[in-house]
Amino acid sequence: MRLYLGIDGGQSSTTALIGYESGCILGEGRAGPCNHASAGEGRRKFQAAIRESVREASAAAGVRDPVFASACLGLSGGPDDKEALSRELIRAERYLITHDAHIALAGATGGKPGIIVIAGTGSIAFGRNADGATARAGGWGYIFGDEGSAFDLIRQAMRAVLRNEEGWGPPTGLRATLLGASGARDGNQLLHWLYADEYPRDRVAGWARLVDQAARSGDAVAGEIVRAAAQAVATLAAAVRRQIFQSGEEVDIRYSGGVFECEPLLARFRMLVEMEEGSRVSAPQHRADEGALLEAYRLGGAEIRPPLRRFPESGGGNGGAQ
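Rules used throughout
Residues numbered from 1 in each chain as written. Predicted model: local features only at pLDDT ≥ 70, side-chain atom pairs only at ≥ 80, totals over all residues. Heavy atoms only, no water. Helix = DSSP H or I, 4+ residues; strand = E, 2+ residues; numbered from the N terminus. Rg over C-alpha atoms; globule rule 2.2 N^0.38 Å. Buried < 20%, exposed > 50% of the residue type's maximum accessible area, 1.4 Å probe, protein only. Right-handed = clockwise from strand over helix to strand, strands pointing away. pLDDT = per-residue confidence, 0-100. Pairing = 2+ DSSP bridges. Axes fitted to C-alpha atoms, helices over the stretch in contact; angles between N-to-C directions. Contact = heavy atoms within 4.5 Å. Phe/Tyr/Trp six-rings, centres within 6.5 Å; stacked < 30°, edge-to-face > 60°. Lys NZ or Arg CZ within 6 Å of the ring centre and 35° of its normal. Patch = residues over 30% accessible without salt bridge, like charges linked within 9 Å, V, L, I, M, F, W, Y side chains within 5 Å. Areas by Shrake-Rupley, 256 points an atom, 1.4 Å probe, with all protein chains shown as cover. Salt bridge = Lys/Arg side-chain N within 4 Å of Asp/Glu carboxyl O. Disulfide = S-S within 2.5 Å. Parallel < 35°, antiparallel > 145°, perpendicular 65-115°, else oblique. Left-handed = near helix turned anticlockwise from the far one by under 90°. Nonpolar A, V, L, I, M, F, W, Y, C, P; charged D, E, K, R; others polar.

### Points about the overall build of the chain
On a plain count of helices and strands, the chain comes out with 11 helices and 11 strands. Radius of gyration (C-alpha) of the chain: 21 Å, near the 20 Å computed for a compact globule of 322 residues. Based on the C-alpha atoms only, the size of the chain along its principal axes is roughly 70 × 50 × 35 Å. Counting only residues that meet the buried cut, the chain has 51% of its 322 residues in that class.

Printed below as a string of structure tokens:
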């Protein structure tokens, strides 16, 4: 029995999936984050996350010390400082060690050509055409980019709060909302708190839903922030499209990330993207970890027909691996 491995290594967690060559997922394992591997502590966390997630997936699949026909790892921050380590930790005949947007696209489109726009804590768009050419836009991080991301929604909200407190911006309910969420006495104090280690990016990004709520309640400033975020992520999609697809060509465009849970933002994103002839927006077919497994199948030459399925239906188990 030939086994395949897909790993989604992210900033908050790592997921490993082991599949049989028919497309049946036999086991799933989860572990901590693995987004840094260059320094000592990050290297140890990366090794632990890969080992633990694969060990758990192997136990669920009922296999011991597996050697995979192929393995695909999609890693936050890219593969440059992780490829050699990954090959040491996993035994496989073939490897594809890539970035997380690559596997998100493979999962979203079922391995077919298209574009994925991701707007979570950060933002990026990535695409692949029928010839295998790829392109990206965004993904520059919170200092130089991440437009339209959850973090950016709060960054723009804080700017609006500070402008209002200094008398050169319109009033907004976002001030009371953010001060209430944080316990700060004013925008200036909250600004200084947000520069401290106690407020990492994912914690700040978690407040993005408050901007959505304010926009829904009719706050004009929040509404403009949401509309600008939709424009930003639509622009990322358009930038990728121009690089690798022809004008008027049919293009499958998928979206992923918590920002798209904001219905007005998603609706505006869809409207803006579909103004381009041939562009069609829809929800992803599969998760990013399933996309990694699909890429492992593709790398190994296994012919499967999505959707992927699990054994047993509840997920995992050891009966299918005997």
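Next comes the rest of the write-up.
### Notes on the pairing of strand 10 (residues 279–282)
Two faces make up the sheet, and in a regular strand the side chains alternate between them. Side chains S279 and V281 of strand 10 all project onto a buried face; the interleaved residues R280 and S282 project onto a face where none is buried. This β-α-β element, strand 9 (residues 251–256) to helix 10 (residues 263–273) to strand 10, shows right-handed connectivity.

### Here we look at the confidence of the model for the chain
Averaged over every residue, the pLDDT of the chain is 88; the share at 70 or more is 92%. Mean pLDDT values for the elements of the chain range from 69 in strand 11 (residues 309–310) up to 96 in helix 9 (residues 220–244).

### A look at the sheet that holds strand 9
Pairing within the open sheet is mixed, and its five strands lie in the order 8-7-6-9-10. What marks the edges here is a single partner per strand, and that holds for strand 8 (134–138) and strand 10. Ignoring strand direction, the axes of neighbouring strands in this sheet form an average angle of 20 degrees. Taken together, the five bridges between strand 7 (residues 123–128) and strand 8 define a ladder with antiparallel strand orientation. Residue pairing in the sheet places I124 in a bridge with G138 of strand 8. Sheet contacts for helix 3 (residues 100–109): strand 6 (114–119), strand 7 and strand 9; angle to strand 6, the most-contacted strand, approximately 120 degrees.

### Focus: the environment of A234
You can see A234 is positioned in helix 9. Each C-alpha atom, one on A234 and one on L89, is 38 Å from the other, the two residues being 145 residues apart in sequence. In contact with A234, not counting residues within four places along its chain, are F269, L272 and V273.

### Here we look at unusual backbone geometry
In the Ramachandran plot, D65 falls in the positive-phi region, its phi being about 50 degrees despite a non-glycine side chain. Tracing the chain through its elements places D65 in the loop between helix 1 (40–61) and strand 4 (70–75). For D65, a relative accessible area of 59% translates into the label exposed.

### Description of the packing of aromatic side chains
This structure, assessed with the given rule, holds six aromatic pairs. When the centroid spacing of 6.3 Å and the interplanar angle of 15 degrees are considered together, the rings of W193 and Y199 count as stacked. Among the residues examined, W193 registers a relative accessible area of 27% and is labelled partly exposed. Within the aromatic cluster, the residues linked to one another by ring pairs are W193, Y199 and W207. Here the basic side chain of R203 rests over the ring of Y199, its NZ or CZ set 4.0 Å away from the ring centre.

### Focus on a nonpolar patch on the surface
Together, W140, Y142, I143 and F144 make up a nonpolar patch on the protein surface, roughly 530 Å² of accessible area in all. Along the chain, W140 turns up in the loop between strand 8 and helix 4 (150–165).

### What to know about the state of the cysteines
This structure, assessed with the given rule, holds zero disulfides. The closest cysteine sulfur to the non-disulfide-bonded C24 is located on C72, 19 Å from its own sulfur. For C24, a relative accessible area of 10% translates into the label buried.

### As for the packing of helix 9 against helix 10
It is the contact of helix 9 with helix 10, at a shortest axis distance of 8 Å, that shows an interaxial angle of 40 degrees. Regarding the angle of helix 9 to helix 10, the classification is oblique. Viewed along their axes, helix 9 and helix 10 form a crossing whose handedness is right-handed. Between helix 9 and helix 10, the contacting residues are V226, R227, A229, A230, Q231, V233, A234 and A237 on the first element and L265, R268, F269, L272 and V273 on the second. Considered class by class, the residues forming the contact of helix 9 with helix 10 number 10 nonpolar, one polar and two charged.

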